[in-house]
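Overview (structure and organization)
The chain contents come next:
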Amino acid sequence: MTQQPFSRPGAFDLSALKRPATPPPSASRAPGGAPTSGAGSYTVHVTAQTMQDVVEASMTAPVLMVVFSASRSPESAQYADDVSALVEQYEGRFLAGLVDLDTAPEVGQALQITQVPVLLVLLDGRPVTQPIPGVVPADELSALLNQLGQQLTAQGVTGRHQPLAAGVPDDEDGEPAADPRYAAAEDALARDDIDTAVLEYQRLVDANPADHEAVAGLAMAKVLQRTQGVDAAAALAAAEAAPADVEAQSLVADLDLAHGRVEEAFSRLVELVRVTADKERDRAREHLIGQFAAVGNDDPRVLAARRSLASALF
């Protein structure tokens, strides 16, 4: 398969599709209101009534739209199932939108589909590839998704869809319940089993390096792991005695971060970058970047510290 360029060819014209004034009360809802398919946590069946909702869901993260016809092309229906199964492995990085032309021909007309199967990748309400016709082999499709995920992450696009059929319900206070993907790691943290938490977060990151929540969780769990059982007073004394000692300063910065003293941790490491050179400076910078991941790259304190780091480096 030829690699697809990730451009924005243009938005869909959905004006001909009819939508109900209110959604059916019995339908489970996806991001933007699309009903779940029951086929998986990240799969929806697309109809004329829900097409706009699925397009809106692509504002959060990419949607893989598979147009097929079970009656005219049984293999295309199997392809839709295969795409759905593959999407499930990415745990919300993508959403599979399945369009059966036998039951939703108007959607095919709106998309100007003349053959099946066809794969469309939607982001921000419009395609990011040209339509991909035919059954794409699983390994090529996986490579396409990995490439798209890497490019989006490089561009700072890290959103993901919430589980649908799995139904992450609100709790009694109306707040979203914890995402089940992180349950094992969070349970380990609650038990103060830091080593297990690190392993669980590492497993999630290995499976999906674009999972920014797992990356942040892993970074913070490693901070906790490095500071377990450390004598804080002795660590601080060692750091005060050796201002340019990367190991001593990094340990105190980790202790600060573990106790919520974020600015203090960042300031210590920025200063360490300022007073070190060569490999020692690289170690200090990498440690600080790891702390950025633990706090979250969009946090204002991280943004401020990045500016300070740039000043210290240059």
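Structure: see above.
We now turn to the structure provided with this report. Owing to the predicted nature of the structure, the values given are computational and were not obtained by experimental measurement.

About the thresholds
- Residues numbered from 1 in each chain as written.
- Predicted model: local features only at pLDDT ≥ 70, side-chain atom pairs only at ≥ 80, totals over all residues.
- Heavy atoms only, no water.
- Helix = DSSP H or I, 4+ residues; strand = E, 2+ residues; numbered from the N terminus.
- Buried < 20%, exposed > 50% of the residue type's maximum accessible area, 1.4 Å probe, protein only.
- Contact = heavy atoms within 4.5 Å.
- Areas by Shrake-Rupley, 256 points an atom, 1.4 Å probe, with all protein chains shown as cover.
- Pairing = 2+ DSSP bridges.
- Salt bridge = Lys/Arg side-chain N within 4 Å of Asp/Glu carboxyl O.
- Core = buried A, V, L, I, M, F, W, Y, C linked by side-chain atoms within 4.5 Å.
- Phe/Tyr/Trp six-rings, centres within 6.5 Å; stacked < 30°, edge-to-face > 60°.
- Expected span 1.5 Å × (residues − 1).
- Arc of directions from axis to C-beta.
- Polar contact = N/O pair within 3.5 Å; in protein donor to acceptor, adjacent residues only side chain to side chain.

1. Topic: the overall build of the protein chain
- Helix and strand counts for the protein chain stand at twelve helices and six strands.
- Residues counted as buried form 44% of the 314 residues belonging to the protein chain.
- In the protein chain, of all internal contacts separated by at least 6 residues, the share reaching a separation of at least 24 is 67%.
- Roughly 15500 Å² of accessible area belongs to the protein chain as shown, and the carbon and sulfur atoms make up 51% of that amount.

2. Details of the pairing of strand 2 (residues 63-68)
- Burial within strand 2 is extensive, with six of its six residues counted as buried.
- Every second residue of strand 2 is oriented toward a common face, with V63, M65 and V67 on one face and L64, V66 and F68 on the other, all of them buried.
- Examined bridge by bridge, strand 2 and strand 4 (residues 118-123) share five bridges and lie antiparallel to one another. Within the sheet, the bridge partner assigned to V66 lies in strand 4 and is L119.

3. Brief notes about the environment of Q291
- For Q291, the position within the fold is in helix 11 (residues 278-295).
- Assessed through its relative accessible area of 0%, Q291 is described here as buried.
- Sequence separation between Q291 and V302 is eleven residues, and the spatial gap between their C-alpha atoms is 8.9 Å.
- Excluding its chain neighbours within four sequence positions, the residues that come into contact with Q291 are A253, D254, L257, A265, F266 and L269.

4. Regarding the pattern of salt bridges
- For the coordinates displayed, the defined rule picks out seven salt bridges.
- Residue R226 pairs with D254 through a salt bridge whose shortest N-O separation is 2.6 Å. With R226 in helix 7 (residues 212-227) and D254 in helix 9 (residues 246-258), this pair connects stretches of sequence that are 28 residues apart.
- Taking the relative accessible area as the measure of exposure, R226 reaches 37% and is therefore partly exposed.

5. What to know about the nonpolar core
- Ranked by size, the top nonpolar core spans 46 residues in total, and within it V46, M65, L111 and L119 carry the most contacts.
- At the level of elements, helix 1 (51-57), strand 2, helix 2 (74-88), strand 3 (95-100), strand 4 and helix 4 (138-154) are the ones that each hand at least two residues to this core.
- With residues near it in sequence (within four places) discarded, V46 still touches M51, V54, M65, G97, L98, V99, A104 and V107.
- Counting 21 residues, the second-largest nonpolar core is a separate cluster that includes A219, A253, V270 and V273.

6. Observations concerning the packing of aromatic side chains
- Following the criterion strictly, the structure yields two aromatic pairs and no others.
- Between Y90 and F94, the aromatic rings sit 5.2 Å apart at their centres with planes inclined by 80 degrees, giving edge-to-face as the arrangement.
- Given a relative accessible area of 1%, F94 falls into the buried group.
- When the ring of F266 is compared with that of F292, the centres are 5.1 Å apart and the planes differ by 85 degrees; the resulting orientation is edge-to-face. You can see F266 sitting in helix 10 (residues 262-275) and its partner F292 sitting in helix 11, a full 26 residues away along the chain. F292 shares its class with F266; the two are buried.

7. Digging into helix 12 (residues 300-313)
- For helix 12, which comprises 14 residues, the first-to-last C-alpha distance of 20 Å matches the rise-based estimate of 20 Å (1.5 Å per residue) to within 8%.
- Listing the buried residues of helix 12 in full gives V302, A305, L309 and A312. End-on, the buried residues of helix 12 take up no more than an arc of 75 degrees, which puts them together on one face. More than 90 degrees from the buried face of helix 12, the exposed residues found are P300 and R307.
- The secondary structure elements touched by the buried residues of helix 12 are helix 10 and helix 11.
- At the N-terminal end of helix 12, a side-chain oxygen is found 2.8 Å from the backbone nitrogen of R301, two or three residues along, and the residue is D299.

8. Observations regarding the side chain of T227
- As for its placement among the helices and strands, T227 is situated in helix 7.
- Exposure remark for T227: the relative accessible area of 11% places this residue in the buried category.
- The contacts of T227, once residues within four sequence positions are left out, are L251, D254, L255 and A258.

9. What about helix 6 (residues 194-207)?
- Across its 14 residues, helix 6 extends 20 Å between first and last C-alpha, which sits within 8% of the 20 Å expected from 1.5 Å per residue.
- Residues of helix 6 that are buried: I194, A197, V198, Y201, L204 and V205. An end-on view of helix 6 places all buried positions within 130 degrees of arc, on one side of the element. Exposed positions of helix 6 whose direction lies more than 90 degrees from the buried face are L199, D206 and A207.
- Taken together, the buried residues of helix 6 touch helix 5 (183-190) and helix 7.

Remember that the coordinates give geometry; whether it matters functionally is a separate question.
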